[in-house]
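# Structural overview
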Amino acid sequence: MKGKGPENGVILAACIGDCVHVAGVMAFLDIARSHGFETTFMGPAVPVSSLLEEAGRLKPDIIAISYRLDPSALGNLLSEFKEGISKARIEGTRLLFGGTPATGEIAKKSGIFSHIFTGGESPDEVRVILLQEQAQPEANKAHAKNLIERIEGKKPFPLLRHHFGLPTVEETVKGAREIAMAGVLDVLSLGPDQNAQEHFFHPEDMDPAQNGAGGVPVRTREDFIRIYEASRCGNHPLVRCYSGTRDIIKMAAVLKETIHNAWCAVPLFWYNVLDGRSTRPLKDAISENQQVMKWHADRGIPVEVNEAHHWSLRNAPDAVAVATAFLAAYNAKKMGVKHYVAQYMLNTPPATYARMDLAKMLAKIELIEALHDNDFISYRQVRGGLASMSPEKDFAKGQLAASTFLGMLLRPHIVHVVGFSEAYDVARPKEVIESVQIAAGTIHNILDGSIDIQNDPIIMERKEFLLKEAGVILDAIYTIGKGSPDPWSDPETLASAVKLGILDAPHLVGNPAACGKITTRIIDGACWSCDPHTGEPVTEGQRIRALGL
């Protein structure tokens, strides 16, 4: 490539003959521009003679020809182009073709194209071809072996992650290979069953009737290794897995050694008696969860504290979700985490309006990213809420596209794709691949970031209100822990905040570790704390004072 002016060269593109189908070539040029190419598109139905004339004048580094009509007419067009190459003095120019599989066959027979696109290529594949990285697939950024390199290598596109785990190890091994070969998924997020999460090191405690419930029944280190090795093909996706809910440091070591866990996901307040996923007391669980964060930080492994959405899943007020998002990031930083994955789950509770969702997420982002410094940086990961997905397949596909669109307004580094089938059935390879493609198509349509939600007065008013309300909650926690050097990271103070009701959710009623007395209601698409007698919304200050603190 000549590289005159633009970073990576000049591309001239056109739909030739009578072809007026421009969507494919426009998407290609969007990707090219995002990687430093200067592009000129001559438009639809361009005569070959006009293309040759412009190519002779412009002397581009790449000529991209698109044709999606009758293959029988393409041969003559390409013969005319081939004959004119010498006259236009463009012999050294790279020629690319885009069309249907049928027209691609005709283009291949012409022998003049260095690469032929027939639809369905991922942005990574297009980038690799554009930048001529085919000769070093293991070294190129598309196959980077850690999260940060993978994020940097795929910019401006976010990484795509999907949950995967079938009822048997054999099915999961086979499915992991199929997904990797499709080349569309960047992060395979392995979902073990509850028996594995809680009793991996205590098989005698497993309930055989629950094998495969909620995920893949991994029972040995070799099971993890087999799944990982099966994914070492195609685009070599990163692999990661949720933390265990018991013996969690031992499980962290297994995940690092077997699947090279791309990043740790551990809660701060959960996976214990609070949610019934283990029998750990709340205070002990908080302390152990912090130690898991530190264990990964000491080894340079990124950490996600999947916290705030657990409160929203239990209908906690939005202000509690914002406050706990901050506490999660704060504790990760205190434990030495340098690279923090901040998860922003949309559509939770399901009745949340889009503007209120965005306001809640912007409030979380502001608090979390205020913690950034030379030793701590967060990466935005967005996802749709599973509880909001319809069990009707085609309806759910629309919801998947809509939640992806909404998430892209937050300019994420990672999009956690929630498969359209997950509300009614386990996501098998076919559904995973199709869901990821739906998300990828949506991302293409919103990647330019031209919609600025920061200028929406309704969103910004709600964001500022939530920041103030979250501050009230955080101040209350700090006050009850004033005897501690750092109340926001003190396990006893944090456990007390739940027991006293500073942090509370309606679904925690009757839980011995929680207060469970809060009342909430969705009002105009936002989740508010409410007076339990009148049902009217109250501020967090009013709610906390009513607790008698």
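Being a predicted model, the structure only gives us computed values, none of them experimental.

### Quick look at the overall build of the chain
- Across its full length, the chain carries 19 helices and 15 strands.
- Its C-alpha atoms give the chain a radius of gyration of 26 Å, near enough to 24 Å, the size a compact globule of 549 residues would have.
- Seen along its three principal axes, the alpha-carbon backbone of the chain occupies a region of about 85 × 55 × 45 Å.
- Across the chain, contacts joining residues at least 24 apart in sequence account for 72% of those joining residues at least 6 apart.
- A total accessible area of about 22400 Å² is found for the chain, and carbon and sulfur atoms account for 52% of it.
- In the chain, 57 side chains carry a positive charge and 66 a negative one; their mean positions are 3 Å apart.

### Examining the packing of helix α9 (residues 221-230) against helix α10 (residues 248-259)
- The interhelical angle for the contact between α9 and α10, taken along N-to-C directions, is 40 degrees, at an axis separation of 8 Å. The angle between the axes of α9 and α10 places the two elements in the oblique class. Along this stretch, α9 crosses α10, giving a crossing that reads as right-handed. On α10, the residues touching R221, F224, I225 and Y228 of α9 are V254, L255, E257, T258 and I259.

### Structural notes on empty space enclosed by the protein
- Evaluated as defined, the whole model comprises four cavities of 30 Å³ or more.
- Each pocket or cavity is described by its volume, and for the largest cavity that value is around 110 Å³.
- Lining the largest cavity we find 16 residues, and of these P123, K154, L160, V184 and A440 sit closest to its centre.
- The leading source of residues in the lining of the largest cavity is helix α16 (residues 429-446), at five residues.
- For the lining of the largest cavity, the per-class residue count stands at eight nonpolar, five polar and three charged.
- The computed volume of the second largest cavity comes to approximately 70 Å³.
- Contributing elements (two or more residues each) for the lining of the second largest cavity: α13 (318-334), β11 (339-345) and α14 (354-369).
- The element that contributes the greatest number of residues to the lining of the second largest cavity is β11, accounting for four residues.
- In terms of residue class, the lining of the second largest cavity is made up of eight nonpolar, two polar and two charged.

### Section: the sheet that holds strand β1 (residues 10-15)
- One open sheet holds the five strands; their spatial order is β2-β1-β3-β4-β5, and the pairing between them is parallel. The open sheet terminates on both sides in strands that have one partner only, identified here as β2 (38-41) and β5 (115-117). On average, each strand axis in the sheet is inclined to that of its neighbour by 20 degrees, with strand direction left out of account.
- Pairing geometry for β1 and β2, over four bridges, is parallel. Bridge pairing in β2 places L12 opposite T40.
- On the sheet, helix α3 (residues 71-88) packs against β3 (62-67) and β4 (94-99) and is oriented at approximately 160 degrees with respect to β3.

### Concerning the pairing of strand β15 (residues 526-529)
- Examined bridge by bridge, strand β14 (residues 520-523) and β15 share four bridges and lie antiparallel to one another. Among the inter-strand pairings, I522 is bridged to a residue of β15, identified as C527.

### Some remarks on the side chain of S66
- Among the secondary structure elements, S66 is positioned in strand β3.
- Apart from the residues within four sequence positions on either side, S66 is in contact with A14, C15, I16, C19, H21, V25 and G98.

### Looking at a nonpolar patch on the surface
- Judged by side-chain polarity, I480, L500 and L549 come together as a nonpolar surface patch covering roughly 240 Å² of accessible area.
- Among the secondary structure elements, L549 is positioned in the segment after α19 (540-546).

### Describing the pattern of salt bridges
- Scanning the model with the defined rule gives 26 salt bridges in all.
- Put simply, K463 and E464 hold a salt bridge, and the shortest N to O gap is 3.3 Å.
- Through salt bridges that share partners, D394, K397, K430 and E434 make up one connected network.

### Side note on helix α1 (residues 23-34)
- Taking 1.5 Å as the rise per residue, α1 with 12 residues should run 16 Å; its terminal C-alpha atoms sit 17 Å apart, in good agreement.
- For α1, every residue scored as buried is listed here: V25, F28, L29, I31 and A32. Axial view of α1: buried residues confined to an arc of 160 degrees, hence all on one face.
- One or two steps after α1, the chain reaches G36, where phi turns positive at roughly 90 degrees.

### Re the sheet that holds strand β7 (residues 187-190)
- What the eight strands build is an open sheet, ordered β8-β7-β6-β13-β12-β11-β10-β9; its pairing is parallel. At either margin of the open sheet sits one strand with a lone partner, and together these are β8 (238-241) and β9 (264-265).
- Looking at chain direction, β9 and strand β10 (residues 303-304) are connected through two bridges and run parallel. For C264, the partnering residue across the bridge sits in β10 and is V303.
- Sheet strands in contact with α16 are β6 (159-164) and β13 (414-417), and its direction is about 155 degrees off that of β6.

### Here we look at the environment of N315
- Tracing the sequence through the fold places N315 in the loop between α12 (308-313) and α13.
- Overall, the relative accessible area of 29% leaves N315 in the partly exposed class.
- Taking the C-alpha atoms as reference points, N315 and K499, separated by 184 residues in sequence, lie 17 Å from one another.
- Excluding anything up to four places from it in sequence, N315 contacts P349, P506, H507, T520 and C527.

### Details of the confidence of the model for the chain
- Taken as a whole, the chain shows an average pLDDT of 93; of its residues, 96% reach a score of 70 or greater.
- Segment residues 1-5 is flagged for pLDDT under 50; beyond a separation of four residues in sequence, or across chains, it makes 12 contacts in the model.
- Segment residues 134-142 is flagged for pLDDT under 50; beyond a separation of four residues in sequence, or across chains, it makes 16 contacts in the model.

Basis of the calculations
Residues numbered from 1 in each chain as written. Predicted model: local features only at pLDDT ≥ 70, side-chain atom pairs only at ≥ 80, totals over all residues. Heavy atoms only, no water. Helix = DSSP H or I, 4+ residues; strand = E, 2+ residues; numbered from the N terminus. Rg over C-alpha atoms; globule rule 2.2 N^0.38 Å. Contact = heavy atoms within 4.5 Å. Areas by Shrake-Rupley, 256 points an atom, 1.4 Å probe, with all protein chains shown as cover. Lys, Arg positive; Asp, Glu negative; His and termini not counted. Charge placed at Lys NZ, Arg CZ, Asp CG, Glu CD. Axes fitted to C-alpha atoms, helices over the stretch in contact; angles between N-to-C directions. Parallel < 35°, antiparallel > 145°, perpendicular 65-115°, else oblique. Left-handed = near helix turned anticlockwise from the far one by under 90°. 1 Å grid on protein atoms, 1.4 Å probe; cavity = no way out; pocket = protein on both sides within 12 Å on 5 of 7 lines; lining within 4 Å. Points joined across faces, edges and corners; volume = space filled by probe spheres on them. Nonpolar A, V, L, I, M, F, W, Y, C, P; charged D, E, K, R; others polar. Pairing = 2+ DSSP bridges. Patch = residues over 30% accessible without salt bridge, like charges linked within 9 Å, V, L, I, M, F, W, Y side chains within 5 Å. Salt bridge = Lys/Arg side-chain N within 4 Å of Asp/Glu carboxyl O. Expected span 1.5 Å × (residues − 1). Buried < 20%, exposed > 50% of the residue type's maximum accessible area, 1.4 Å probe, protein only. Arc of directions from axis to C-beta. pLDDT = per-residue confidence, 0-100.

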